[in-house]
Amino acid sequence: MEVIQLTEQQLISLMKQMSLEEKIAQLLQLATPFFEGAKSEGRITGPMASMGITENMVRNTGSILGLTGAEEVISVQQAHMRNNRLGIPLLIMADIIHGYKTIFPIPLALGCSWDAELAEKCAAIAAKEAAVSGVHVTFAPMVDLVRDPRWGRVMESTGEDPYLNGEFARAFVRGFQGRDLSGDSDRVAACVKHFAAYGAAEGGRDYNTVDMSERQLREYYLPAYKAALEEGCEMVMTSFNTVDGVPATGNKRLMRDLLRNEWGFDGVLISDWGAVKEMIPHGVAADEAEAASKAIHAGVDIEMMTSCYVNHLQQLVESGLVDEALIDEAVLRILKLKQKLGLFDNPLRGANVESEREILFCGEHRQAAREAAVKSCVLLKNEGVLPLAKEQKIALVGPFAQNGDILGPWSWLGSQEEAVQLYEGFTRIVEPLQVAVAEGCGIESASEEQWKAALEAAQNADVIVLALGEHSDMSGEAGCRADIRLPEIQRQLIAALKPLNKPMVAVLFNGRPLDLHGIHDQVGAVLEAWYPGSEGGTAVAELLYGLANPSGKLTMSFPYAVGQVPVYYNYFNTGRPQGAPDAQVRYVSQYLDIPNEPLLPFGFGLSYTSFSYGEISLSSEQMTVEQPLHIKVRVTNTGNQPGEEIVQLYVRDMAGEVVRPVKELKTYRRIKLMPGESHEISFSLTERQLRYHHADLQYISDAGEFAVYVGPNSRDVQELRFTLMK
Ligand code: BGC
């Protein structure tokens, strides 16, 4: 269908008809309850103080947050079109992070699939469900690099690697936005967040200070946001934290100089929730007026959920402290996005009550959620206990044995009641009689009866499957923990069952890498299921019974103990590395009481089959700028069932201009092999992939020696050397 598009000139003349007050109100974003036609209260986060909002402001507001559901969207948008003098439609935005109604595994889990196409597919389905329910923009993807599992929001990221995060950032954007937002009302605009470096909050405590060198920022933290923008992501959200002493939302160097001028981003920049006003407690603005001035000067177009702009910008313009041109710039960007989404042609866009009924949570989408969950789980340990045999009598114990809280944080539209619980998944495969289910304990406490029932069930079983984890409020926003072990009662449950000497399997439902002390060494097998989403129970049961073969690999290291945190694979060697041939016993960089290495490294994950790696070979010992290197390795499925392996290639610059990580992921391949089948993988590596930010921030490579590593994870690798000639 032909969509009526306004030209830029027409948008400018529309803007010229707006009064200053109307223009400023375009920059305001409010939650649903403020609006005429709204019937429900969206689930919203953050403080909602009295904001001095007038009815006139609401009539002219540019965008709304957390409004979903075709019927309500239609009613609010229609009321708005009646109330708005110039007929400018509302932009409708919501957090659709890992699914709308059909919930996919949390992003950290999706990352562990190392399958960007899968992520794209999940995002496209989420977009389709959101769009038919009236949403125009999703506040996703979140692509913050994360190294500290105490931070609750690691569940929203794809992990600790800049390259992999970039690949997923692109995939999510492609999935949400498709190719043509105005022609394809099945898609929604994406908003990459949280710009910048929110994942580096000190001590893993949410909203906390971030302070790092510009080189570190550019080298590790910025690439994933940039990747999203290269893919055409329409919006950017500021982060809550400081960047070099200035809160991101008022940080002119970050937003205006880097994002806008250097990277050329001309889309809409939105503050995070309340972040404009938070410049006051941060201590860089004396009052709301100063906060508004800082944010608009930094280039923030939309103020989310505080009213510094609407209450102060007019006065600031009139007194000459803010140039009206800054406001015009912001308004025009917002109007352009509305026009790109086709809202001037059809303010209701994809919202459709009938189609919504057919599309949401349909069989096809649930099937995709199941596939995604299968590929996202990571087998962390298996001493021959898995897969389970259908004849075995199972005791299914633990707080997640029959628990719908497997959707994870940021799944506010998903239904825990409709999620497939683990027990249900079991009974789809084996007779209910084969599985005795008894929780034993809740997430953090137990009753005597519960405890006794679990012990009894376990006594009569051949295998004990423990479904353990954190409830979903223990991660996500403001879900930080200093002790990242499983709650004590669950560890006690394992200890109580251990003397039965039965094979034990732990299945973990959680949103962060855990400190697995008292679990990993106590059980025969561990399957990390994360929060697997709406079809979690089906997927996990299929994996446990070997109807599907685990293939996920960790994208964030699992610490040996929380005291190591942050622990990540791409660290620097230091001048006194542990284990060097001439290393001293004491005066090396190490802990006296625990190893330096994490319990489970980045890239790690097991399968029910086994893969052997032949010797790696290089096409040459020298690389030049024109002549890439080819690295070959033959991988064979040496087990007796089909399986998928993720083959990883890392590089180290042996003598850089500045210190380089001991390993950096450069490329990877997910391959499927039948039993006995073998495949020769050929990776190519170019000089471009060896570039990094030098001391003067130039992005170039160093001539000299490099190590190249290939293997099934970041630890167990083969190494060869080559020289880059320049
Ligand atoms: C979160 C954002 C989210 C926003 C809107 C904030 O508290 O940090 O990630 O998009 O709320 O719900």
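What you are looking at is a predicted structure, and each value in this text was computed from that prediction instead of being measured.

## Considerations on the packing of aromatic side chains
(1) Moving on: Applying the stated rule across the entire model yields 15 aromatic pairs.
(2) Moving on: For the ring pair W151 and Y198, a centre distance of 4.8 Å and an interplane angle of 85 degrees mean the geometry is edge-to-face. Taken as a pair, W151 in the loop between β4 (137–138) and α7 (162–177) and Y198 in the loop between β5 (189–195) and α8 (214–221) lie far apart in primary sequence, 47 residues in all. Across the pair, exposure class does not vary: W151 and Y198 are buried alike.
(3) Moving on: Seen in terms of ring centroids, F168 and F172 are 6.2 Å apart; in terms of plane orientation they differ by 50 degrees. Their pairing is tilted. With F168 and F172 both in helix α7, this residue pair falls 4 residues apart, about one helical turn.
(4) Moving on: Using a relative accessible area of 0% as the deciding quantity, one classes F168 as buried.
(5) Moving on: F172 gets classed as buried once you look at its relative accessible area, which sits at 7%.
(6) Moving on: Ring pairing ties together the aromatic residues W114, Y163, Y569, F602, Y650 and Y668, which thus form one cluster.

## Here we look at the site of the ligand
(1) Moving on: Taken together, the neighbourhood of the ligand is formed by 14 residues, with D95, R153, K193, H194 and D272 sitting nearest.
(2) Moving on: Here an oxygen atom of the ligand sits 2.5 Å away from a polar atom, N or O, in the side chain of D95.
(3) Moving on: Within the contact set of the ligand, an oxygen atom lies 2.8 Å away from a side-chain nitrogen or oxygen of E477.
(4) Moving on: Contact with the protein chains removes 98% of the 310 Å² of surface that the ligand exposes when unbound.
(5) Moving on: Looking at the shell around the ligand, its residues break down into 7 nonpolar, 2 polar and 5 charged.

## Regarding the environment of L544
(1) Moving on: Position of L544 among the secondary structure elements: in helix α20 (residues 536–544).
(2) Moving on: Using a relative accessible area of 0% as the deciding quantity, one classes L544 as buried.
(3) Moving on: Considered as a pair, L544 and G533 are 11 residues apart in the sequence and their alpha carbons are 17 Å apart.
(4) Moving on: The contact partners of L544, leaving out residues within four places of it in the chain, are L386, P387, L388, F426, V465, V505, V507, L527 and Y608.

## Focus: empty space enclosed by the protein
(1) Moving on: Taken as a whole and assessed by the stated rule, the structure comprises 4 cavities of 30 Å³ or more.
(2) Moving on: Looking at the largest cavity, its volume works out to about 50 Å³.
(3) Moving on: Lining of the largest cavity is provided by I97, H98, G99, F104, L110, C122, A123, A126, F172 and F176.
(4) Moving on: Elements that contribute at least two residues to the lining of the largest cavity include exactly α6 (116–132) and α7.

## Re the sheet that holds strand β26 (residues 704–711)
(1) Moving on: Read across the sheet, 5 strands follow the order β19-β27-β26-β21-β22 without closing on themselves; strand pairing throughout is mixed. Strands with a single pairing partner mark the edges of an open sheet, and in this sheet they are β19 (622–623) and β22 (664–673).
(2) Moving on: The pairing of strand β21 (residues 643–653) with β22 spans 9 bridges and is antiparallel. Bridged to Y650 within β22 is L665.

## Notes on the packing of helix α12 (residues 288–298) against helix α13 (residues 308–318)
(1) Moving on: Put simply, α12 and α13 touch, their axes get as near as 9 Å, and they point 85 degrees apart. Classed by the angle they form, the pair α12 and α13 counts as roughly perpendicular. Judged by residue contacts, E288, A289, A291, A292, S293, A295 and I296 of α12 engage C308, Y309, N311, H312, L313 and L316 from α13.
(2) Moving on: Along the lines of polarity and charge, the residues of the contact of α12 with α13 split into 9 nonpolar, 3 polar and 1 charged.

## Digging into the pattern of salt bridges
(1) Moving on: Counted according to the given criterion, the structure contains 46 salt bridges.
(2) Moving on: With its nearest N and O atoms 3.3 Å apart, the salt bridge here joins K121 to E371. Residue K121 is found in helix α6, and its partner E371 is found in helix α16 (residues 363–376); the two are separated by 250 residues along the sequence.
(3) Moving on: When its relative accessible area of 41% is taken as the criterion, K121 is described as partly exposed.
(4) Moving on: Residue E329 pairs with R256 through a salt bridge whose shortest N-O separation is 3.1 Å. In this pair, E329 sits in helix α14 (residues 324–340) while R256 sits in helix α10 (residues 252–262), placing the two residues 73 residues apart along the sequence.
(5) Moving on: Overlapping salt bridges, with partners in common, bring together E120, R170, R174, K226, E230 and E231 in one network.

## Details of helix α18 (residues 448–459)
(1) Moving on: The first and last C-alpha atoms of α18 sit 17 Å apart over 12 residues, in line with the 16 Å expected at 1.5 Å per residue.
(2) Moving on: Taken together, the buried positions of α18 are occupied by A454, A457 and A458. Projected onto a plane normal to the axis of α18, the buried residues spread over an arc of 100 degrees and lie on a single side. With respect to the buried face of α18, the exposed residues turned more than 90 degrees away are E448, E449 and K452.
(3) Moving on: Tucked inside the fold, the buried residues of α18 contact β12 (394–397), β13 (435–438), β14 (463–469) and α19 (488–497).

## Notes on the packing of α8 against helix α9 (residues 223–230)
(1) Moving on: Across the interface, α8 lies against α9 with an axial gap of 6 Å and an inter-helix angle of 50 degrees. One finds that α8 runs oblique with respect to α9. Between α8, through L217, R218, E219, Y220 and Y221, and α9, the contact on the second element is made entirely by P223, A224 and Y225.
(2) Moving on: Split into classes, the residues belonging to the contact of α8 with α9 amount to 6 nonpolar, no polar and 2 charged.

## Description of the pairing of β26
(1) Moving on: With 6 of 8 residues buried, β26 is to be regarded as a mostly interior element.
(2) Moving on: In the sheet, β21 pairs with β26 via 6 bridges, with the strands oriented antiparallel. Of the residues in β26, the one forming a bridge with D653 is F706.
(3) Moving on: As paired strands, β26 and strand β27 (residues 718–724) are joined by 7 bridges and run antiparallel to one another. Looking at β27, one finds that Y709 is bridged to E719.
(4) Moving on: Hairpin connection between β26 and β27: a loop of 6 residues separates the two successive antiparallel strands.

Rules of the game
Residues numbered from 1 in each chain as written. Predicted model: local features only at pLDDT ≥ 70, side-chain atom pairs only at ≥ 80, totals over all residues. Heavy atoms only, no water. Phe/Tyr/Trp six-rings, centres within 6.5 Å; stacked < 30°, edge-to-face > 60°. Helix = DSSP H or I, 4+ residues; strand = E, 2+ residues; numbered from the N terminus. Buried < 20%, exposed > 50% of the residue type's maximum accessible area, 1.4 Å probe, protein only. Near = heavy atom within 4 Å. Polar contact = N/O pair within 3.5 Å; in protein donor to acceptor, adjacent residues only side chain to side chain. Areas by Shrake-Rupley, 256 points an atom, 1.4 Å probe, with all protein chains shown as cover. Nonpolar A, V, L, I, M, F, W, Y, C, P; charged D, E, K, R; others polar. Contact = heavy atoms within 4.5 Å. 1 Å grid on protein atoms, 1.4 Å probe; cavity = no way out; pocket = protein on both sides within 12 Å on 5 of 7 lines; lining within 4 Å. Points joined across faces, edges and corners; volume = space filled by probe spheres on them. Pairing = 2+ DSSP bridges. Axes fitted to C-alpha atoms, helices over the stretch in contact; angles between N-to-C directions. Parallel < 35°, antiparallel > 145°, perpendicular 65-115°, else oblique. Salt bridge = Lys/Arg side-chain N within 4 Å of Asp/Glu carboxyl O. Expected span 1.5 Å × (residues − 1). Arc of directions from axis to C-beta.

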